[in-house]
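Structural description and commentary
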Amino acid sequence: MALDALAAELTARGELDREQVFREMRTRGMSPIETIYVVTRTFGISLPEAKTAIYESAAWRDQNDDWNRLHSGLADSADGTDNS
């Protein structure tokens, strides 16, 4: 509910761009998942669009290496490969 309220607050502000919202969410200490949720509600975009946008945002760019390792590990686990 708190995330829905935050999305409503951001939407009520009017002219926001995605990067601005990504920076604000990061500053507030929100997780990437919380950020993606709020962005989908604030901008009316799909989950895949929001995930792509956060990966491309300057505000979250420093997390790209961690995300890539996570995705690679998940893919390896799914196909039975263990690269550790």
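Cut-off values and rules
- Residues numbered from 1 in each chain as written.
- Predicted model: local features only at pLDDT ≥ 70, side-chain atom pairs only at ≥ 80, totals over all residues.
- Heavy atoms only, no water.
- Buried < 20%, exposed > 50% of the residue type's maximum accessible area, 1.4 Å probe, protein only.
- Helix = DSSP H or I, 4+ residues; strand = E, 2+ residues; numbered from the N terminus.
- Arc of directions from axis to C-beta.
- Salt bridge = Lys/Arg side-chain N within 4 Å of Asp/Glu carboxyl O.

Let's shift gears to helix 4 (residues 47-56). In an α-helix, one turn spans 3.6 residues, which is why side chains three or four residues apart end up on the same side. Those residues of helix 4 not exposed but buried are A50, A53 and I54. Angular distribution of buried residues about the axis of helix 4 spans 95 degrees; they occupy a single face of the element. Turned more than 90 degrees away from the buried face of helix 4 sit P48 and E56, all of them exposed.

What follows concerns the pattern of salt bridges. On inspection of all chains with the given rule, the structure shows six salt bridges. Here E9 ties to R28 by a salt bridge, and the two come within 3.3 Å at their closest N and O atoms. On the criterion of sequence distance, the pair formed by E9 in helix 1 (residues 2-13) and R28 in the loop between helix 2 (18-27) and helix 3 (32-43) is long-range, its members being 19 residues apart. Judged by relative accessible area, E9 falls into the partly exposed class, the value being 37%. According to the relative accessible area criterion, R28 is partly exposed, its value standing at 42%. Taking the shortest distance from any N to any O, the salt bridge between E24 and R28 comes out at 2.8 Å. The network of salt bridges with common partners includes E9, R13, E24 and R28.

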